[in-house]
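# Geometric and topological summary
Residues per chain, in single letters:
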Amino acid sequence: GAGVSQSPSNKVTEKGKDVELRCDPISGHTALYWYRQSLGQGLEFLIYFQGNSAPDKSGLPSDRFSAERTGGSVSTLTIQRTQQEDSAVYLCASSSGLAGAETQYFGPGTRLLVL
Amino acid sequence: AQSVTQLDSQVPVFEEAPVELRCNYSSSVSVYLFWYVQYPNQGLQLLLKYLSGSTLVKGINGFEAEFNKSQTSFHLRKPSVHISDTAEYFCAVSELRAGNNRKLIWGLGTSLAVNP
């Protein structure tokens, strides 16, 4: 497909379990971002990747959160020992660069519910 | 940008009425400015952006925004709204700094509800 895809679209898990969320960016896009969107809240930046540079992890809320980007393409966001407050929509976006002017293209999100 | 403030969390308006969604930011350097829209059950998409040049920017679906540097504002306007404009609107700012740290700073969003 031509757009950003994310899987799964919905995930229900039990407190304490680990979850993995996947993002497939637009082909050729060097920058990839993860955001969290909670009900009634704006977009909370989590992490971004740009090419082969070290990722900016400054937005990760705790050490239970981590992300990888393999081969400069697909990215996985992992949440360990999930808590109820982790329930949110997790959005992935990609762009053609990181000069600040590029449009970010968003995926449909993964809706995570931690019971 | 230190922060982006969207002054109205919710804006109810009747169909065919004009609307303005307000956005202010704080920054000590030059910025790029964006408005993104999230329609119900859809992903976020770019509505318009200001990079340089004319301070009046036109976007999709008849929206426009004006960059006011002295007031550090980037308000979004549409002269006549439709039911289909009902959505969440997000303002975002990117600072022009040296280096590779150019992530966007996002406002909390404004929920526009267009009523018949």
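Let me sum up the structure you'll find in this document. (Residues numbered from 1 in each chain as written. Chains lettered and ligands numbered in written order. Predicted model: local features only at pLDDT ≥ 70, side-chain atom pairs only at ≥ 80, totals over all residues. Heavy atoms only, no water.)

### Thoughts on the state of the cysteines
Residue and element names in this part refer to chain A. All told, the structure shown has two disulfides over all chains when counted by the stated rule. One disulfide bridge connects Cys23 with Cys92, the sulfur atoms lying 1.8 Å from each other. Because the torsion about its S-S bond is -65 degrees, the bridge between Cys23 and Cys92 counts as left-handed. Linking Cys23 in strand β3 (residues 19-24) with Cys92 in strand β8 (residues 88-95), this pair joins segments that are 69 residues apart in sequence. Relative accessible area serves as the criterion here: at 0%, Cys23 is assigned to the buried category. (Disulfide = S-S within 2.5 Å. Helix = DSSP H or I, 4+ residues; strand = E, 2+ residues; numbered from the N terminus. Buried < 20%, exposed > 50% of the residue type's maximum accessible area, 1.4 Å probe, protein only.)

### Examining the side chain of A:Thr13
All names here are of chain A. Note that Thr13 resides in strand β2 (residues 10-13). Taking the relative accessible area as the measure of exposure, Thr13 reaches 7% and is therefore buried. Beyond its immediate chain neighbours, meaning those up to four positions away, Thr13 contacts Val19, Thr82, Leu112, Leu113, Val114 and Leu115. (Contact = heavy atoms within 4.5 Å.)

### Observations concerning the pattern of salt bridges
All names here are of chain B. Taken as a whole and assessed by the stated rule, the structure comprises nine salt bridges over all chains. A salt bridge links Asp8 to Arg22, with the nearest nitrogen and oxygen atoms 3.0 Å apart. You can see Asp8 sitting in the loop between β1 (3-6) and β2 (10-14) and its partner Arg22 sitting in the loop between β3 (19-21) and β4 (23-26), a full 14 residues away along the chain. Look at Arg22 and you get partly exposed, because its relative accessible area is 31%. Between Glu66 and Arg77 there is a salt bridge; the shortest N-O distance is 3.6 Å. A residue pair is termed long-range when its members are at least 10 positions apart, and Glu66 in strand β8 (residues 64-68) and Arg77 in strand β9 (residues 73-78) qualify at eleven residues. For Glu66, a relative accessible area of 34% corresponds to the partly exposed category. Counted as one network, the salt bridges with shared partners bring together Glu20, Glu66 and Arg77. (Salt bridge = Lys/Arg side-chain N within 4 Å of Asp/Glu carboxyl O.)

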